[in-house]
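A structural walkthrough
So you can see what is in the structure, the chains are spelled out below.
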Amino acid sequence: MLAEWSFVGVFLVIALAFPPLGLVTAWLLRPKRPGPIKKSTYECGLETVGDTWVQFKVQYYIYALIFVIFDIEIAFLLPWAVAHMGLSAAQGILPLIEVVIFVGILVAGLMYAWRKGALEWI
Amino acid sequence: MNVFLTSIFVIVSVITLVGALGVVMARTVFASGLWLILSFAGVAGLYVLLEAPFLAAAQILIYVGAVAVLILFAVMLTRRVMGDPGVSQNNSQWGAAAVVAALMFIVLSLTSVQNWRPSTESPPLLAVNALGEAFLGPYLLPFEIVSVVLLVALVGAIILARE
Amino acid sequence: MADFLSQFMPAWLALIIQHVVVGAVLVVFALTNMLGITWIERKVIGRLQDRIGANRAGPFGLLQPLADMVKILTKEDITPTAASRVIYNLGPLLVVPPALLVFAVLPFGAGVSGSDLNIGLLYIFAVASTSTLGILIAGWGSNNKYSLLGAMRAVAQMVSYEVPQALSIIGIVMLSGSLSLQQIVQRQSEIGWFVLLQPLAFVIFLIAAMAEVNRTPFDLPEAESEIIAGHHTEYSGLKFGMFYLAEYINVFFISALAATLFLGGYQIPFVPANNPVHTILGPFVLIGKTFAFVFLTIWLRGTLPRVRVDHLMGFAWKALVPLCLLNIFMTAVLMPLVGLWSANLGISEAYIAIPVMLLANAVLAGLVLWWAGRSTRRRETRLAEQVVPAQ
């Protein structure tokens, strides 16, 4: 098993090393004439106004949270999906009903969020 | 090969620990979040070395891909994230820290002097398949309870966010 | 190759050298195709807009991507004073690796892939999910309102569409009983291409994939009329190039994945999967199918306007996710029945599975469209009643 993953490990190192190598090449080739105006934020000839930080809507957080929950659901559904054909050949409809209950509870959560307007992008 | 594996284990462990250290040492909350992600990724590497690839991928998918985003979004919602770190997050409770560290040391040293018997069985070839069968077989109740826990988390978050 | 090399050196070193060579080949492959896509995009968009497109550098402008590459390498790199230096530079370093890493499990022929992990599909989704981090880091590190807004939008969009994307392939996992991409391709030679068995999942996957890689009509993170260039507003030179690179590699990979999961991957139609011709022609067949999808994304870009942000988020959660779940359960009920029928009647599984699944998908799609149309009409009537008529 680890033999297959050794490639992923080596490839990870290559993939992580690739952008820095490219940037070093560019650093050797490119001109370097910085200036205070050039380095201003959103260089456009005008001073920027105010702080970068804006109060983000709590909506972003709710979306991220629903996403985390459904991500976990996916991680649980994948093993079931792999085993499903074998399971239903051996035990009939019962495993499917169990998964329907599992997903149904989460869909109830999604419906609740929907009803409460948490899915609206205000 | 064993020396090779051990050295990889050491590298991955160091990455995990450096990430964990970075979380408490970082000056801004955002940087702390980034160090936490490094630590999560290191844990995924440890799972690979333990020949639990499904767990490793799930760790990346859920922790690095999802929980990290959730944490960074939460940071965006806090007041003053840019510029100066403002009030230091470290509130310097040396006494409490010493007690926790001592307790942690006792627990860790007790577990490491135990004579654990490592499993000599090789991991199942179709691990994902076995996992799916286990979810719907002997571990059905925990499997269903997970869904209830997730539902509670969702409802709780929506109620909190509406306040 | 490792066997040959191990005559001269220890086995582990030979293995690592082999891995490095394969990894380098994959990186070069991804880069070449990325350059190809930029050229094709300019030519196709040009034709769609009744222009000729790039035609100065080399015959048919073929050298244009190289010229662009040289140009971007020699551009001055500006780090804004206000940016937080380390985090600002971390962003471009982190967007490219996930885009490259997913190529490790892509099958180019029977037994030909970087590494045939038995959790391949989950690996792809896990690695792809980390691409949000680079964007978020870039947006935060730039210390610019537009960058941060663009990054937040991009991440919210990517996480929302990751769910339907992953849910749409669960039907495929069920049909092939494995997460290994090699086995998914093999299974398609037995039971028929999954586009015939999972047409709804195919459409959902394509929509979600477009949103995942921020392509038109889902290019809101880069909506220049609203938030300039989004998370890469403050980047110049090759640092901007890194975002560009990652975006186009992602387009290529998502097309290759669609071809692998739904169009039989490296297989030539009606040729058995174990036929040795696939070893030679396999990669070319895969690239051909991939570029069909690349062409589709460019065509969409030339045709469709950008969707509105509230529609975008609502569509993922209120339309795609429920539809995915319905599709999963429909497949879960029907496929074991198909297995039973084919065993009882003695007919090959493919001949029963394809008509049954096509019919079921058509019925489901019809029902969903009817329901969506009805609820939209109802909402419009309700809204119309609320409006006080003008005096």
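Thresholds, definitions, all that
Residues numbered from 1 in each chain as written. Chains lettered and ligands numbered in written order. Predicted model: local features only at pLDDT ≥ 70, side-chain atom pairs only at ≥ 80, totals over all residues. Heavy atoms only, no water. Helix = DSSP H or I, 4+ residues; strand = E, 2+ residues; numbered from the N terminus. Buried < 20%, exposed > 50% of the residue type's maximum accessible area, 1.4 Å probe, protein only. Contact = heavy atoms within 4.5 Å. Buried area = accessible area lost by both parts, 1.4 Å probe. Salt bridge = Lys/Arg side-chain N within 4 Å of Asp/Glu carboxyl O. Polar contact = N/O pair within 3.5 Å; in protein donor to acceptor, adjacent residues only side chain to side chain. Nonpolar A, V, L, I, M, F, W, Y, C, P; charged D, E, K, R; others polar. Patch = residues over 30% accessible without salt bridge, like charges linked within 9 Å, V, L, I, M, F, W, Y side chains within 5 Å. Areas by Shrake-Rupley, 256 points an atom, 1.4 Å probe, with all protein chains shown as cover. Phe/Tyr/Trp six-rings, centres within 6.5 Å; stacked < 30°, edge-to-face > 60°. Domains from an automatic or database assignment. pLDDT = per-residue confidence, 0-100.

**Overview of the environment of A97(B)**
Residue and element names in this part refer to chain B. Topologically, A97 is positioned in helix α4 (residues 94-113). Residue classification places A97 among the partly exposed positions, given a relative accessible area of 39%. Along the sequence, A97 and R117 sit 20 residues apart, while their C-alpha atoms lie 33 Å from each other.

**Things to note about the interface of chain A and chain C**
Between chain A and chain C, the contact holds 61 residues from the first and 77 residues from the second. When chain A packs against chain C, the two sides together hide about 6200 Å² of surface, and 79% of this comes from carbon and sulfur. There are 0 salt bridges connecting chain A and chain C. Inspection of the chain A/chain C interface yields 3 residue pairs in polar contact (both at pLDDT 80 or more). Counting residues per element, the ones that place at least two in the side of chain A that touches chain C are α1 (2-29), α2 (58-91) and α3 (94-115) of chain A. For the side of chain A that touches chain C, the element with the most residues is α1(A), which contributes 19 residues. Here the residues of the side of chain A that touches chain C are counted per class, giving 43 nonpolar, 8 polar and 10 charged.

**Quick look at the interface of chain A and chain B**
Tallying the contact residues gives 43 residues for chain A and 44 residues for chain B. Across the chain A to chain B interface the summed buried area is about 4200 Å²; carbon plus sulfur atoms make up 81%. At the junction of chain A with chain B, the criterion picks out 0 salt bridges. For the side of chain A that touches chain B, the secondary structure elements donating two or more residues are α1, α2 and α3 of chain A. Sorting elements by how many residues they give to the side of chain A that touches chain B places α2(A) first, with 19 residues. In terms of residue class, the side of chain A that touches chain B is built from 34 nonpolar, 4 polar and 5 charged.

**Topic: a nonpolar patch on the surface**
All names here are of chain B. On the surface, F9, V10, I11, V14, I15, V18, W35 and L38 cluster together into a nonpolar patch covering about 660 Å² of accessible area. Contributions of two or more residues to the nonpolar patch are made by α1 (2-25) and α2 (29-49). Residue contributions to the nonpolar patch peak at 6 residues, all from α1.

**What to know about the packing of aromatic side chains**
In this description, an aromatic ring pair is defined by two values, namely the gap between the centres and the angle between the planes. In total, this model carries 26 aromatic pairs over all chains according to the counting rule given. When the centroid spacing of 5.9 Å and the interplanar angle of 85 degrees are considered together, the rings of Y60(A) and F73(B) count as edge-to-face. Taken as a pair, Y60(A) in helix α2 and F73(B) in helix α3 (residues 53-77) lie in two separate chains rather than in one. In terms of burial, Y60(A) and F73(B) fall into one category: buried. Between Y235(C) and F243(C) the ring centres are 4.9 Å apart and the planes differ by 55 degrees, which places this aromatic pair in the tilted class. Judged on exposure class, the residue Y235(C) and its partner F243(C) are both buried. Clustering of aromatic rings is evident, with ring pairs tying together F29(C), F103(C), F108(C), F252(C), F253(C) and F291(C).

**As for the domain arrangement of chain C**
Residues and elements named next belong to chain C. For chain C, the assigned domains read domain 1 (1-72) and domain 2 (75-327). With centres defined by C-alpha atoms, the gap from domain 1 to domain 2 works out at 18 Å. Each partner contributes to the interface: domain 1 provides 17 residues, whereas domain 2 provides 24 residues. A buried area of about 2000 Å², summed over both sides, lies between domain 1 and domain 2, and 84% of it is on carbon and sulfur atoms. Contact with domain 2 buries area across many residues of domain 1, yet I37, E41 and I72 alone supply 31% of it, more than any other trio. Its salt-bridge partner being R301, residue E41 comes within 2.8 Å of it at the nearest N-O pair. The tally of links between domain 1 and domain 2 comes to 3 residue pairs in polar contact (both at pLDDT 80 or more). Among the elements of the structure, α2 (11-48) and α3 (64-73) are those that each provide at least two residues to the side of domain 1 that touches domain 2. Considering every element that reaches the side of domain 1 that touches domain 2, the biggest residue donor is α2, with 15 residues.

**Thoughts on the confidence of the model for chain C**
Residue and element names in this part refer to chain C. Model confidence for chain C is summarised by a mean pLDDT of 84, while 95% of its residues fall at 70 or above. When the elements of chain C are averaged for pLDDT, helix α12 (residues 224-227) gives the smallest value, 64, and helix α5 (residues 120-129) the largest, 91. In the predicted assembly, ipTM is 0.86 and pTM is 0.88.

**Points about the pattern of salt bridges**
All names here are of chain C. Counted according to the given criterion, the structure contains 4 salt bridges over all chains. In this structure, R42 and D68 form a salt bridge, with 3.1 Å as the shortest nitrogen-oxygen distance. Here R42, found in helix α2, pairs with D68, found in helix α3; they are 26 residues apart in sequence, far enough to count as distant.

**Looking at unusual backbone geometry**
Backbone geometry at E51(B) places phi at a positive 60 degrees, although glycine is not the residue there. The partly exposed category is assigned to E51(B), whose relative accessible area is 29%. Located in the positive-phi region is F60(C), a residue other than glycine, with phi close to 55 degrees. Relative to the assigned elements, F60(C) resides in the loop between α2 and α3.

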